[in-house]
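# Secondary and tertiary structure notes
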Amino acid sequence: MIDLAHCQRLDAADRLAPLRAQFDLPEGVIYLDGNSLGALPRAVPARVAEVVRAEWGRDLIQSWNTAGWFELPRRVGDKIAPLIGAGPGEVVATDTTSVNLYKVLFAALSVSKLAAPAGQGLRHEVISERSNFPTDLYIAEALCRERGLTLRLVDAPDQIPAALGPQTAVLMLTHVNYRTGAMHDMAALTRAAHAAGALAVWDLAHSAGAVPVALKDCEADFAIGCGYKYLNGGPGAPAFVWAHPRHVDAAWQPLAGWWGHGRPFAFVPGYEPATGITRYQCGTQPMFSLSALDCALDVFAAAEPLGGMAALRAKSLALTDLFIAAVEQLCPGQFSLVTPREHALRGSQVCLTPTAALPAGCAYAIVQALIARGVVGDFRAGDAQQPDILRFGFTPLYLSHENVLQAVQHLREVLQNKEYMQARFAQRHAVT
Ligand SMILES: *Cc1c(COP(=O)(O)O)cnc(C)c1O
């Protein structure tokens, strides 16, 4: 039986609870969208103001040297590295997830050497999932078009191993699915890709800071991820890139700008890629948003003595388990669970789709009615293959068990009062 007393007991025993004080969340809001835009860490506004006023305003151009601006992408990368099972010096924070995917996919195709258009007896396929985040598929499509390769999409995770073969150049997957919250077995699928002679490229957009990732232990080849979701770097925060040390110096990345040059201030006409992950930079990096991400990552350093990513994962699973059980207890028969129940297959979010007990097409309005009550989740549209989804992200850094129960109580009231029937909640915004 889930009730307030039960949740308060869990909160009293939660060692991570003090971390909530590191965030500046509005009063009365239960924020279940940290998987889309992480919340504001309390220390960030002052840090960004200092970069604006003192580093830019007062110290002007010297700050490239004196404030460490020039090295900041790599310093931030070093803070991300332990969260994803990478070593120091192996990660750089730069550009966007989409742009970084282009770089690493290009590099992976170069490293694989055998990648070539069909009919040449070599590897001509990039494999991914139809349910992958569309920008990943668009980037892969554009690159495959350019190279004369084929982007082959499988319909279900269990079809991936059988799709791999002597024609596969790269397996490109997102570790945790943005719509369903389903998580892949990174180690097993990387092994399967390697057994087929292909490389494995992983997108960690919904993993970094949410679930423990072991890139090196899994022998992954390349990875990228997002700075503004579970890493809380702020809207449009720089993303990150990792290349396994065995590959990092083996290929150029395609956006060979001066920040990836070995001697950018020699101003020589020929490109000489920097050694190491630095070559994955392109041009001048945004210091305000890099500084915000840098500062935001200190929350993870504060979580380290409390058990770090392992403790965050345990709490994330406790919160998502609790949410699922509370929905089943308080809203029986109203929703089907889209996210896997099995822990090993679940990221840090829970997705629901309305059953036939609710009016068709009401998912969007339910989400809007919840937002009006201060419970912020989001909606993802479905199509013929996929249902409409109510999506709830659970950030163990700042959510309590009591918050989870409150959110589900609001959900029950939205249903009981039929609030989703109100016309104002049907109004679609540009960003869902
Ligand atoms: C959020 C997300 C992105 C975002 O890409 P941007 O370039 O930052 O807009 C890309 N891929 C996946 C899988 C994501 O979840």
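This text goes with the structure placed above it.
## Quick word on the overall build of the protein chain
In terms of regular secondary structure, the protein chain is built from 14 helices and 13 strands. The C-alpha radius of gyration of the protein chain comes to 22 Å, within 12% of the 22 Å expected for a compact globule of 432 residues. The principal-axis extent of the C-alpha atoms belonging to the protein chain is close to 70 × 60 × 40 Å. Split into buried and exposed, the 432 residues of the protein chain put 55% on the buried side. Once local pairs closer than 6 in sequence are excluded, the contacts in the protein chain between residues at least 24 apart make up 71%. Accessible surface, the protein chain: about 17600 Å² in total, of which carbon and sulfur atoms supply 58%. For the protein chain, the distance from the average site of its 35 positive side-chain charges to the average site of its 39 negative ones is 2 Å.

## Quick word on the sheet that holds strand β4 (residues 150-154)
Read from one edge of the open sheet, seven strands run β2-β8-β7-β6-β5-β3-β4, paired in mixed fashion. Two strands lie at the open edges of the sheet, namely β2 (91-94) and β4, each paired on one side alone. Sheet twist, expressed as the average angle between the axes of neighbouring strands with direction ignored, equals 20 degrees. Against the sheet, helix α5 (residues 97-112) touches β2, β3 (125-129), β5 (168-174), β6 (199-203), β7 (222-225) and β8 (239-243), its axis set at about 175 degrees to β7.

## Thoughts on the packing of helix α2 (residues 44-58) against helix α10 (residues 287-296)
Relative orientation of the contacting elements α2 and α10 amounts to 140 degrees, with a least axis distance of 9 Å. Overall, the two elements α2 and α10 adopt an arrangement that is oblique. As α2 runs across α10, the sense of the crossing is right-handed. In contact with Val44, Arg47, Val48, Val51, Val52 and Trp56 of α2, α10 contributes Met287, Phe288, Ser291, Ala292, Cys295 and Ala296. Of the residues belonging to the contact of α2 with α10, the class tally is ten nonpolar, one polar and one charged.

## Some thoughts on the pattern of salt bridges
For side chains bearing opposite charge, pairing can occur when the charged atoms are close. One pass over the full model with this rule turns up 21 salt bridges. A salt bridge links arginine 58 to aspartate 59; its shortest N-O distance comes to 2.8 Å. Since its relative accessible area comes to 57%, arginine 58 is described here as exposed. We classify aspartate 59 as partly exposed; its relative accessible area is 22%. Lysine 79 is paired through a salt bridge with aspartate 298; the nearest N and O atoms lie 2.7 Å apart. Taken together, the residues span a long stretch of sequence, with lysine 79 in helix α4 (residues 72-80) and aspartate 298 in helix α11 (residues 298-303) at a distance of 219 residues. On the basis of relative accessibility, which here comes to 37%, the residue aspartate 298 falls in the partly exposed class. Where salt bridges share partners, they join Arg47, Glu50 and Glu55 into one cluster.

## A few points about the nonpolar core
Residues Ile84, Phe335 and Ile366 are the most contacted members of the largest nonpolar core, which totals 100 residues. With ten residues, helix α12 (residues 308-330) is the largest single contributor of residues to this core. Beyond its immediate sequence surroundings of up to four residues, phenylalanine 335 is in contact with Val327, Leu352, Thr353, Pro354, Thr355, Leu358, Ile366, Leu390, Leu411 and Leu415. With 28 residues, the next largest nonpolar core counts Val126, Met172, Leu199 and Ile224 among its residues.

## Examining the sheet that holds strand β12 (residues 378-380)
Strand order in the open sheet formed by four strands is β9-β10-β13-β12, with antiparallel pairing between adjacent strands. For this open sheet the edge positions go to β9 (335-337) and β12, each flanked by a neighbour on one side alone. With direction set aside, neighbouring strand axes in the sheet form an average angle of 35 degrees. The pairing of β9 with strand β10 (residues 349-354) spans three bridges and is classified as antiparallel. Within β10, the residue paired with phenylalanine 335 across the bridge is proline 354.

## Quick look at a nonpolar patch on the surface
Taken together, the side chains of Val52, Trp56, Leu60, Ile61 and Phe288 define a hydrophobic patch exposed on the protein surface, amounting to about 500 Å² of accessible area. As for its placement among the helices and strands, phenylalanine 288 is situated in helix α10. Look at phenylalanine 288 and you get partly exposed, because its relative accessible area is 37%.

## Describing the site of the ligand
In the region of the ligand, the neighbouring residues are Thr96, Thr97, Ser98, Phe133, Thr135, Asp136, Thr174, Asp203, Ala205, His206, Tyr228 and Lys229. With respect to the ligand, the side chain of serine 98 contributes an N or O atom lying 2.6 Å from an oxygen atom. Aspartate 136 places a polar side-chain atom, nitrogen or oxygen, 2.7 Å from a nitrogen atom of the ligand. Relative to its free-state accessible area of 390 Å², the ligand is covered by the protein chains to the extent of 86%. If you list the elements that add at least two residues to the shell around the ligand, you get α5 and α6 (134-147).

## Quick look at the packing of aromatic side chains
With the rule as written, the count across this model stands at 15 aromatic pairs. For the ring pair tryptophan 64 and tryptophan 69, a centre distance of 5.1 Å and an interplane angle of 85 degrees mean the geometry is edge-to-face. When its relative accessible area of 7% is taken as the criterion, tryptophan 69 is described as buried. These aromatic residues form a ring-pair network of at least three members: Trp64, Trp69, Phe70, Trp258, Trp259, Phe265 and Phe267. Stacked on the ring of phenylalanine 70, the Lys or Arg arginine 74 has its end atom at 5.8 Å from the ring centre. Just above the ring of phenylalanine 133 sits the side chain of lysine 229; from NZ or CZ to the centre is 5.3 Å.

Analysis parameters
- Residue numbering note: each chain is counted from 1, following its sequence as written.
- In keeping with the predicted nature of the model, local features appear solely for residues at pLDDT of at least 70, side-chain atom pairs appear and are counted solely at 80 or more, and the whole-chain, interface and lining totals rest on all residues.
- Here the side-chain values reflect all heavy atoms present in the structure, with hydrogen atoms and water set aside.
- Going along the chain from the N terminus, every DSSP run of H or I of four or more residues is numbered as a helix, and every run of E of two or more is numbered as a strand.
- Radius of gyration: over C-alpha atoms. The globule rule applied is 2.2 Å multiplied by the number of residues raised to the 0.38 power.
- Exposed residues in this analysis have more than 50% of their type's maximum accessible area, buried residues have under 20%, and partly exposed residues fall in between, with area computed by a 1.4 Å probe over protein chains only.
- By the convention used here, residues are in contact when the closest approach between their heavy atoms is within 4.5 Å.
- Per-residue accessibility takes into account occlusion by the displayed protein chains alone, with areas from the Shrake-Rupley method and a 1.4 Å probe.
- In this tally Asp and Glu are treated as negative and Lys and Arg as positive; neither His nor the chain ends contributes.
- For this purpose, a charge sits on NZ of Lys, CZ of Arg, CG of Asp or CD of Glu.
- When DSSP finds two or more bridges between a pair of strands, those strands are recorded as paired.
- Lines fitted to the C-alpha atoms define the axes, with helices restricted to the stretch that makes contact. Angles between their N-to-C directions range from 0 to 180 degrees.
- Throughout, the term roughly parallel applies to angles under 35 degrees, roughly antiparallel to angles over 145, roughly perpendicular to angles from 65 to 115, and oblique to all others.
- Should the near helix be turned anticlockwise from the far one by less than a right angle, the crossing is termed left-handed; should it be turned clockwise, right-handed.
- Charged means Asp, Glu, Lys or Arg here, nonpolar means Ala, Val, Leu, Ile, Met, Phe, Trp, Tyr, Cys or Pro, and polar covers whatever is left, Gly included.
- Salt bridges are defined by distance alone: a side-chain nitrogen of Lys or Arg within 4 Å of a carboxyl oxygen of Asp or Glu.
- Think of a nonpolar core as a cluster: buried Ala, Val, Leu, Ile, Met, Phe, Trp, Tyr and Cys residues, connected wherever their side-chain atoms sit within 4.5 Å.
- To count toward a patch, a residue needs a relative accessible area over 30% and no salt bridge; like charges are then connected within 9 Å, while nonpolar side chains (Val, Leu, Ile, Met, Phe, Trp, Tyr) are connected within 5 Å.
- Proximity is defined per residue: if any heavy atom of the residue lies within 4 Å of a molecule or strand, that residue is considered near it.
- Pairs of N or O atoms are called polar contacts if they sit within 3.5 Å, as long as, within protein, a hydrogen donor faces a hydrogen acceptor (for residues adjacent in sequence, only side-chain-to-side-chain pairs).
- Pairing of aromatic side chains here covers Phe, Tyr and the six-membered ring of Trp, requires ring centres within 6.5 Å, and sorts the geometry by plane angle: under 30 degrees stacked, over 60 edge-to-face, intermediate tilted.
- Throughout this description, the term charge over a ring refers to an Arg CZ or Lys NZ atom that lies within 6 Å of the ring centre and within 35 degrees of the ring normal.

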